[in-house]
Amino acid sequence: MKKKTISKYPAIRPQAMQLREAVALPGVGLTIPVRAAKAKLSALLELVAGGREVTITSDGVPKAVLSPVGKKASQKVFTGTWEHLKKMPPWRGGPTAEELIRQDRDGRGW
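Residues numbered from 1 in each chain as written. Predicted model: local features only at pLDDT ≥ 70, side-chain atom pairs only at ≥ 80, totals over all residues. Heavy atoms only, no water.

1. What to know about helix α2 (residues 41–49)
Those residues of α2 lying buried are A43, L44, E46, L47 and V48. Positive phi appears at G51, one or two residues downstream of α2, with a value of about 110°. (Buried < 20%, exposed > 50% of the residue type's maximum accessible area, 1.4 Å probe, protein only. Helix = DSSP H or I, 4+ residues; strand = E, 2+ residues; numbered from the N terminus.)

The following block contains the structure:
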């Protein structure tokens with residue numbers, strides 16, 4: 001008897017993947033206009049669940065990226081606060097940040 005495996009995501013149906021409006025752009029990846037994305041949302045979600053990223057554009061400008069749930073963008077953690085402060089020259093007087101901001105605001109007539 002063959003054991004049936006159950007996937008977390010449903011199988012991608014080939015007929016649902018026909019997105020004629022989707023275009024692969026260099027440096028951006030798979031893109032689709034917002035109007036077509038609204039009309040083909042189910043097919044886009046199946047594509048994304050399969051591991052692809054899709055960029056949604058408006059007037060040719062990228063506006064949003066659909067990506068799989070498990071995929072996280074790597075972020076560089078900033079750990080250089082103390083090292084950065086040690087490299088800065090010591091404060092030798094002059095106006096404080098609060099005074100500079102107040103002068104700027106007063107000069108604008110707020």
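Next, the rest of the story.
2. Quick notes on helix α4 (residues 97–108)
Compared with the 16 Å implied by 1.5 Å per residue over twelve residues, the 17 Å span of α4 between its first and last C-alpha is a close match. The buried fraction of α4 is low, at zero of twelve residues. Once α4 ends, the next one or two residues include G109, with phi positive near 80°. (Expected span 1.5 Å × (residues − 1).)

3. Examining unusual backbone geometry
A positive phi is found at D59, a non-glycine position, where the angle reads about 55°. Position of D59 relative to the elements: it lies in the loop between β3 (54–58) and β4 (61–66).

4. Structural notes on the pairing of β3
Summarising burial for β3: four of the five residues are buried, a large majority. Here four bridges tie strand β2 (residues 29–33) to β3, and the two strands are oriented parallel to one another. Counterpart to L30 in the pairing with β3 is V54. In the sheet, β3 pairs with β4 via five bridges, with the strands oriented antiparallel. Each residue of the ladder has a partner; that of I56, found in β4, is A64. The hairpin turn running from β3 into β4, its antiparallel successor, is two residues long, and D59 in that turn takes a positive phi close to 55°. (Pairing = 2+ DSSP bridges.)

5. A look at the nonpolar core
Here is a general trend for soluble globular proteins: nonpolar side chains tend to be buried in one another's company. Within the largest apolar cluster, nine residues are counted, these being L30, I32, A36, A37, L44, L47, V48, V54 and I56. Sorting the residues of this core by element identifies β2, α1 (34–39), α2 and β3 as the ones contributing at least two each. With three residues, the top contributor of residues to this core is α2. Residues within four places of V54 in sequence aside, it is in contact with L30, I32, L44, L47, V48, A64, V65 and L66. (Core = buried A, V, L, I, M, F, W, Y, C linked by side-chain atoms within 4.5 Å. Contact = heavy atoms within 4.5 Å.)

6. A few points about the environment of V34
With respect to the element layout, V34 can be found in helix α1. When its relative accessible area of 38% is taken as the criterion, V34 is described as partly exposed. Separated by 30 residues in the primary sequence, V34 and A64 have C-alpha atoms spaced 9.4 Å apart. With residues up to four places along the chain from it excluded, the contact list for V34 reads I56 and T57.

7. Some thoughts on the pattern of salt bridges
This model, assessed by the stated rule, comprises two salt bridges. In this structure, E98 and R102 form a salt bridge, with 3.9 Å as the shortest nitrogen-oxygen distance. Note that E98 and R102 are positioned in helix α4 at a spacing of four residues, about one turn of the helix. Comparing E98 with R102, the two get one shared label, exposed. (Salt bridge = Lys/Arg side-chain N within 4 Å of Asp/Glu carboxyl O.)

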